[in-house]
Amino acid sequence: MGDALEYVKASGIKLDEKCKNMFSLIKDKHEHAWAIMKIENDKEVVLKDVHGKLESRSDVEKNKILFEEMKKIVEDFGGPCYILFDFTYKQNSGTVKDKPIYIYWCDDDTGIKEKMKYAATNSELKKQCNGFEPFEFHDKTEFNFDEIFKELQSKDRHLKITKLPADLAGVFYFVLRILSWKLNLPVDIMASGIKLDERCKNMFSFVKDKHKYAWAIMKIENDKEVVLKDQHGKLVSNTDLEENERLFEAMKGKVEELGGPCYILFDLVYKQNSGTVKDKPIYIYWREGSLLES
């Protein structure tokens with residue numbers, strides 16, 4: 001989370017070390033199913049309760065039970081709080097996915113001074129919740145598992161990407177890039193003047209020819225260079241459709257975390273009309289408004 005969270009700027013309230021670490025422990029390491037944080041003595045956000053890791057990241061019913069347990073503890077504490085929760089839900093495709101969420105809970109009956117204090121701190125905390133889906137509840141009837149479940153499903157419908165470049169500009173750009181390599185032209189991307197770094201250039205061959213990686217995600221940095229932002233190890237199997245779909249969903253989650261447009265290489269496994277299972281490297285140009293679905 002970095003130094004940005006040492007003090008929550010708008011309210012001047014300090015975030016203690018345990019709370020700072022908890023964001024990474026839940027999002028990246030999945031060491032805890034939830035964490036509940038509250039402001040103490042008008043000075044510091046402290047950890048009030050934490051639960052061990054999920055037994056399963058694919059069991060929606062168990063996740064719902066844990067959510068209800070967490071709600072009961074929140075109710076026992078009383079007053080507003082901030083919650084991190086490792087949420088499990090089923091996508092519209094039927095794939096079960098876990099998504100770390102951040103919840104700001106403040107009942108409408110809370111006093112005005114308390115509301116203002118928690119709201120100011122919440123505004124700053126949300127800015128630091130990269131990779132967490134934020135939620136805010138002020139009514140007990142809305143603060144429930146099913147509401148969050150439906151909201152995440154709804155957002156999945158809006159985050160979709162095609163397995164092909166989204167428009168002719170994307171296709172043209174990609175063809176230019178390939179031509180520049182094949183013809184040994186300068187490494188600057190001809191259409192935009194943006195340089196492609198060495199790791200990105202190598203990644204095309206690593207995914208297509210050597211199958212060393214299941215995917216690679218690239219983004220433009222500082223309006224100067226396309227750089228590698230994330231990559232995944234090689235496919236365990238180039239004939240397992242279900243595993244490939246899970247990898248695709250994991251890649252989508254990473255794209256969502258990174259935010260903004262990106263370029264993706266993916267080693268796709270699919271079944272031909274003849275029934276033969278085949279793997280095919282694909283290139284994806286993702287921008288808001290294009291489709292990304294498995």
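Quantities reported herein were computed from a predicted structural model and do not represent experimental measurements.

*Asks:* What is the right way to read the overall build of the chain from this model?
*Replies:* Broken down by element type, the chain carries seven helices and 12 strands. For the chain, the proportion of its 294 residues judged to be buried stands at 44%. In the chain, the proportion of contacts linking residues at least 24 apart, taken out of those at least 6 apart, comes to 60%. For the chain, the exposed surface amounts to about 15500 Å²; the carbon and sulfur share of it is 49%.

*Asks:* How do you make sense of the nonpolar core when you look at a structure like this?
*Replies:* Soluble globular proteins: nonpolar side chains tend toward being buried together. Among the nonpolar cores identified, the biggest contains 24 residues, and Ile 83 and Phe 87 are the most heavily contacted of them. In contact with Phe 87, not counting residues within four places along its chain, are Asn 63, Phe 67, Lys 97, Asp 98, Lys 99, Ile 101, Phe 145, Ile 148, Phe 149 and Leu 152. Within the second largest apolar cluster, 20 residues are counted, among which are Leu 15, Ile 26, Ala 35 and Ile 39.

*Asks:* Sorry, what's going on with the pairing of strand 12 (residues 277-286) here?
*Replies:* A regular strand carries its side chains on alternate faces of the sheet. Alignment of strand 11 (residues 262-271) against strand 12, held across 10 bridges, turns out to be antiparallel. The residue of strand 12 that forms the bridge with Leu 268 is Lys 280. Hairpin remark: strand 11 followed by strand 12, antiparallel, with five residues in the connecting loop; positive phi at Gly 275, about 100°.

*Asks:* So what exactly am I meant to see when it comes to a negative patch on the surface here?
*Replies:* Together, Asp 108, Asp 109, Asp 139 and Glu 142 make up a region of like negative charge exposed at the surface. Relative to the helices and strands, Asp 139 is located in the loop between strand 7 (133-137) and helix 4 (145-158).

*Asks:* Would you take a moment to explain the sheet that holds strand 8 (residues 195-196) for this structure?
*Replies:* With mixed pairing, five strands are arranged side by side in an open sheet as 8-10-9-11-12. One side of each edge strand has no neighbouring strand; the edge strands of this open sheet are strand 8 and strand 12. This element, helix 6 (residues 198-208), spans strand 8, strand 9 (213-221), strand 10 (225-233), strand 11 and strand 12 of the sheet and lies at about 35° to strand 10.

*Asks:* Quick question: what am I supposed to make of the environment of Glu 142 here?
*Replies:* With respect to the helices, strands and loops of the structure, Glu 142 is situated in the loop between strand 7 and helix 4. Given the relative accessible area of 42%, Glu 142 is considered partly exposed. Sequence-distant contacts of Glu 142, defined by excluding residues within four places in its chain, comprise Phe 137 and Glu 147.

*Asks:* What is the right way to look at the pattern of salt bridges in this model?
*Replies:* Note on pairing: side chains with opposite charge can pair once their charged atoms come close. Tallying each qualifying case throughout the model produces 16 salt bridges. One salt bridge connects Asp 98 with Arg 57, and the closest N-O pair in it is separated by 3.2 Å. Separated by 41 residues along the polypeptide, Asp 98 in strand 6 (residues 96-105) and Arg 57 in the loop between strand 4 (44-52) and helix 2 (60-77) bring together distant segments of the chain. With relative accessibility at 40%, the residue Arg 57 sits in the partly exposed group. In this structure, Lys 201 and Glu 198 form a salt bridge, with 3.5 Å as the shortest nitrogen-oxygen distance. Residue Lys 201 and its partner Glu 198 are both found in helix 6; the two are separated by three residues, about one turn of the helix.

*Asks:* Explanation requested: the side chain of Asn 144 in the structure shown.
*Replies:* Within the secondary structure, Asn 144 is located in the loop between strand 7 and helix 4. Among the polar contacts made by the side chain of Asn 144, one reaches the main-chain carbonyl oxygen of Thr 141 at a distance of 2.6 Å. Among the polar contacts listed, one links the side chain of Asn 144 to the backbone nitrogen of Glu 147, at a separation of 2.8 Å.

*Asks:* Please clarify how helix 2 should be interpreted in this entry.
*Replies:* Residues three or four positions apart in an α-helix share a direction because the helix packs 3.6 residues into each turn. Taking 1.5 Å of rise per residue, 18 residues should cover 26 Å, and helix 2 covers 26 Å from first to last C-alpha, within 8% of that figure. Listed as buried for helix 2 are Val 60, Asn 63, Leu 66, Phe 67, Met 70 and Val 74. Across the axial projection of helix 2, the buried residues extend over an arc of 115°, all falling on one side. Those residues of helix 2 that are exposed and angled more than 90 degrees off the buried face are Glu 61, Ile 65, Glu 75 and Asp 76. For helix 2, the side-chain oxygen to backbone nitrogen distance between the N-cap and Glu 61 is 3.2 Å, and the N-cap itself is Asp 59.

Calculation notes
Residues numbered from 1 in each chain as written. Predicted model: local features only at pLDDT ≥ 70, side-chain atom pairs only at ≥ 80, totals over all residues. Heavy atoms only, no water. Helix = DSSP H or I, 4+ residues; strand = E, 2+ residues; numbered from the N terminus. Buried < 20%, exposed > 50% of the residue type's maximum accessible area, 1.4 Å probe, protein only. Contact = heavy atoms within 4.5 Å. Areas by Shrake-Rupley, 256 points an atom, 1.4 Å probe, with all protein chains shown as cover. Core = buried A, V, L, I, M, F, W, Y, C linked by side-chain atoms within 4.5 Å. Pairing = 2+ DSSP bridges. Patch = residues over 30% accessible without salt bridge, like charges linked within 9 Å, V, L, I, M, F, W, Y side chains within 5 Å. Salt bridge = Lys/Arg side-chain N within 4 Å of Asp/Glu carboxyl O. Lys, Arg positive; Asp, Glu negative; His and termini not counted. Charge placed at Lys NZ, Arg CZ, Asp CG, Glu CD. Axes fitted to C-alpha atoms, helices over the stretch in contact; angles between N-to-C directions. Polar contact = N/O pair within 3.5 Å; in protein donor to acceptor, adjacent residues only side chain to side chain. Expected span 1.5 Å × (residues − 1). Arc of directions from axis to C-beta.

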